[in-house]
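Chain residues, written in single-letter form:
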Amino acid sequence: MNVTNATFNGDSFNEVFNAKLCADLRDHGWFQHNLFLSSELNHSLAEECLQLHLSDQLKPATIGQGQQRSLHTNIRSDQIGWLHSGQSRACDAYLLMMEQLRLTLNQTLYLGLEDYESHFSFYETGAFYSKHLDRFHHHDARTVSVVIYLNDDWLAGQGGALRLHPHNLATHDIAPLACRLVVFLSAEMLHEVLPATRNRMSLTGWFRLRIST
Ligand SMILES: O=C(O)CCC(=O)C(=O)O
Ligand SMILES: [Fe+2]
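Residues numbered from 1 in each chain as written. Chains lettered and ligands numbered in written order. Predicted model: local features only at pLDDT ≥ 70, side-chain atom pairs only at ≥ 80, totals over all residues. Heavy atoms only, no water.

- Going by the annotation in an unreviewed UniProt entry, the name recorded for the chain is 2OG-Fe(II) oxygenase, with Undibacterium amnicola given as the source organism.
- Heading Cofactor (unreviewed entry) of the UniProt record for the chain holds this comment: "L-ascorbate". (UniProt positions renumbered as here; feature names shortened; annotations may be inferred.)

Quick look at the structure:
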């Protein structure tokens, strides 16, 4: 894959994108953009996620942080693999886009986001993640959540939606379609992942503030 010209879709990070990102997060607490990844980058990331799954390198996700971290398969049943820079060209291209997103969020919303952590997620048929907030209870720095979906040809009726529960508003379902980006405020937006009738792959990440100790 040629990272330099296959990464961004034409309208990611243009003025309209940036203005909508800023307005939607500020006014509603979430933002969606359907063609964020190029199909080439989507394909490379989907292939990498699938290979990690097939080679048993993804692990059951846990809940909580530090010593409180534990496995709760009644709350979530996906498998994850944390990303690190240099692991592949596709992951580096994705991390570059997230760096651009971090700068954009800081410039438009003055959020002071310092860094980003991210993992692949693989939900096998029937896997789910019940209603939760992404911010941990104790001194957590997670501020903005980002999900990118990697699933070609996702059909209505296959389930697997990200269900947002905006405060005092009706729930909103988003299908996990390839190339799609969803951004929301980690401390405010309750959300869940509904079970699907097929495997579901994504990249999930969090922009964090520096924690002062
Ligand atoms: O995959 C999704 O749609 C959301 C995943 C999620 O909520 C999480 O990993 O915290
Ligand atoms: Fe979440």
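Moving on from the coordinates now.
**Re the packing of helix H2 (residues 15-28) against helix H4 (residues 89-109)**
Thought 1: Between H2 and H4, the shortest axis-to-axis distance is 10 Å and the interhelical angle comes to 65°. The angle between H2 and H4 falls in the class roughly perpendicular. By crossing handedness, the relation of H2 to H4 is classed as right-handed. Together, Asn18, Leu21, Cys22, Leu25 and Arg26 of H2 and Leu101, Thr104, Leu105, Thr108 and Leu109 of H4 make up the contact between the two elements. (Axes fitted to C-alpha atoms, helices over the stretch in contact; angles between N-to-C directions. Helix = DSSP H or I, 4+ residues; strand = E, 2+ residues; numbered from the N terminus. Parallel < 35°, antiparallel > 145°, perpendicular 65-115°, else oblique. Left-handed = near helix turned anticlockwise from the far one by under 90°. Contact = heavy atoms within 4.5 Å.)

**Some remarks on the pairing of strand S6 (residues 142-149)**
Thought 1: Counting buried positions over the eight residues of S6 gives eight, a clear majority of the element.
Thought 2: In this structure, S6 lies alongside strand S11 (residues 200-208), joined through seven bridges in antiparallel fashion. Looking at the pairing, valine 146 lines up with glycine 205 of S11. (Buried < 20%, exposed > 50% of the residue type's maximum accessible area, 1.4 Å probe, protein only. Pairing = 2+ DSSP bridges.)

**Here's the deal with the sheet that holds strand S1 (residues 30-33)**
Thought 1: On the basis of which strands lie adjacent, the open sheet formed by seven strands has the order S1-S9-S6-S11-S4-S3-S2 and antiparallel pairing. Only two strands of the sheet have a single neighbouring strand rather than two, namely S1 and strand S2 (59-60).
Thought 2: Across nine bridges, strand S4 (residues 115-123) lies against S11 in antiparallel orientation. Opposite serine 118, over in S11, you have glycine 205 as the bridge partner.
Thought 3: Together, S4, S6 and S11 form the strand contacts of helix H3 (residues 39-54), whose direction differs from that of S4 by roughly 65°.

**Observations regarding the side chain of glutamine 158**
Thought 1: Secondary-structure assignment places glutamine 158 in the loop between S6 and strand S7 (162-165).
Thought 2: Within the local environment of glutamine 158, its side chain forms a polar contact with the backbone nitrogen of leucine 155, the two atoms lying 2.7 Å apart.
Thought 3: Of note is the side chain of glutamine 158, whose polar atom sits 3.3 Å from the side chain of arginine 198.
Thought 4: If we ignore the near neighbours within four places in the chain, the residues touching glutamine 158 are Asp153, Pro195, Ala196, Thr197 and Arg198. (Polar contact = N/O pair within 3.5 Å; in protein donor to acceptor, adjacent residues only side chain to side chain.)

**Observations concerning the site of ligand 1**
Thought 1: Residues in contact with ligand 1 amount to 14 residues; listed here are only the nearest, His132, Asp134, Tyr149, His191 and Arg200.
Thought 2: Between ligand 1 and histidine 132, the relevant distance is 3.2 Å, taken from an oxygen atom to a side-chain nitrogen or oxygen of the residue.
Thought 3: Within the contact set of ligand 1, an oxygen atom lies 2.9 Å away from a side-chain nitrogen or oxygen of histidine 191.
Thought 4: Within the complex, the protein chains bury 99% of what would otherwise be the 300 Å² of accessible surface of ligand 1.
Thought 5: Secondary-structure elements contributing two or more residues to the shell around ligand 1 are strand S5 (129-132), S6, strand S10 (190-193) and S11.
Thought 6: Examining the composition of the shell around ligand 1, we find that four residues originate from one element, S11, more than from any other.
Thought 7: Per-class residue counts for the shell around ligand 1 are seven nonpolar, four polar and three charged. (Near = heavy atom within 4 Å. Areas by Shrake-Rupley, 256 points an atom, 1.4 Å probe, with all protein chains shown as cover. Nonpolar A, V, L, I, M, F, W, Y, C, P; charged D, E, K, R; others polar.)

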